[in-house]
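# Working through the structure, step by step
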Amino acid sequence: MSPASIQNDQDIDSDSNVEFEDVPISLPNRYRNREDAEIPIVIPSTRQPQWTPTLSLPQQRSQPITSGSEEETQLRGQISTGIERVSYRKMKSDMGMDAPGTPVSARKYESFKELAADVEGLVDTLWISATPAIQTEALITLAGLTQTSLPAFPFDALPTLNILHKFDSIFAALCTGTHPLTGTVLPGGQPGQSLATETQKVRIRSLAERTRYEVFSCLGKSNRGNLAATVANGHGHDYGYGDEDSGDEVDEPWMLEATRVYEKSLMLLAEQDPEVEEMDEFNCL
């Protein structure tokens, strides 16, 4: 063979002529356990948020409902009945049963999304009333019911984050006396005046902290369950969960968004007077 032919063969076999699209993405099985095999390192791109907070609020009354009026009595009855219905349907979900012929409006919740829809309807009704004497206490009750309902259903990120964002925005609005979207003074309020009492502020902060903890707990259970199912199906892979003691940063799905739960209320009430908190705890004994 002539030197020219040898040179041509070498050119053909050189790395510069390899068709990269034909190169397999993963190593063949026979090389996967070799210590000297070079495993390609994939550097993930910066993860974008999966959820963007949005807030939709109906138009409020121009003035709060008159205390002692028939309208106030009707509103209190409507909200009380609504809370009882949500609690009843949630209890039936815990029991996992429905009687034959149960109306749709009274059946057990099949998902957190269904519960959140009912809760949001009551929240909107309270917001429309523009009556702090009714809405603040009822909103705290509804937010507490929402928090205790989180573990009862598989974690559903979007309805969970959306309803909690609405609670957060309204609580912050009541604590500052300003509309969360327009920045205008709420009906019946004064510039710089809070429409929530100091005790209510303490309760809101405590509720916000408990809810954030519950969201992270539910999120952790959901991620562990998904990872276990993946491994059980023979598709195990380390997605960055890592060892809790390793100090490695954990970048689980929805973790970034979960850190924003009740962020407005917690930042606003971070400097709450501890003496008020102690008095509130004493009154609850």
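As shown above, the structure is provided for reference.
### Quick notes on the pattern of salt bridges
If you walk through the whole model with that rule in mind, you get 10 salt bridges. Here Asp-98 and Lys-92 are joined by a salt bridge, their closest N and O atoms 2.6 Å apart. Judged by relative accessible area, Asp-98 falls into the partly exposed class, the value being 28%. Under the relative-accessibility criterion, Lys-92 is labelled buried at 7%. A cluster of three or more residues bridged by salt bridges with shared partners is formed by Glu-120, Asp-124 and Lys-166.

### Regarding the side chain of His-165
Positionally, His-165 belongs in helix α6 (residues 157-176). If we ignore the near neighbours within four places in the chain, the residues touching His-165 are Trp-51, Pro-53, Thr-54, Leu-55 and Lys-264.

### Describing unusual backbone geometry
Here the phi dihedral of Ala-130 falls at roughly 50°; this positive angle occurs in a residue that is not glycine. Within the secondary structure, Ala-130 is located in the loop between α4 (112-129) and α5 (132-149). The phi angle at Tyr-262 is positive, at roughly 55°, despite the residue not being glycine.

### A short note on the packing of aromatic side chains
For the structure on display, the rule yields 3 aromatic pairs. The interplanar angle of 25° and the centroid separation of 6.4 Å between the aromatic rings of Phe-171 and Tyr-262 together place this pair among those described as stacked. Highlighted residues: Phe-171 in helix α6 and Tyr-262 in the loop between α8 (255-258) and α9 (263-268), separated in sequence by 91 residues. Pairwise contacts between aromatic rings join Phe-167, Phe-171 and Tyr-262 into one cluster.

### Focus: the side chain of Asp-168
Relative to the assigned elements, Asp-168 resides in helix α6. The side chain of Asp-168 sits in the buried core without any salt bridge; Lys-264 is the nearest counter-charge, 5.6 Å away. Of note is the side chain of Asp-168, whose polar atom sits 3.3 Å from the backbone nitrogen of Glu-263. Setting aside residues no more than four positions away along its own chain, Asp-168 makes contact with Tyr-262, Glu-263, Lys-264 and Ser-265.

The rules behind each value
- Residues numbered from 1 in each chain as written.
- Predicted model: local features only at pLDDT ≥ 70, side-chain atom pairs only at ≥ 80, totals over all residues.
- Heavy atoms only, no water.
- Salt bridge = Lys/Arg side-chain N within 4 Å of Asp/Glu carboxyl O.
- Buried < 20%, exposed > 50% of the residue type's maximum accessible area, 1.4 Å probe, protein only.
- Helix = DSSP H or I, 4+ residues; strand = E, 2+ residues; numbered from the N terminus.
- Contact = heavy atoms within 4.5 Å.
- Phe/Tyr/Trp six-rings, centres within 6.5 Å; stacked < 30°, edge-to-face > 60°.
- Lys, Arg positive; Asp, Glu negative; His and termini not counted.
- Polar contact = N/O pair within 3.5 Å; in protein donor to acceptor, adjacent residues only side chain to side chain.

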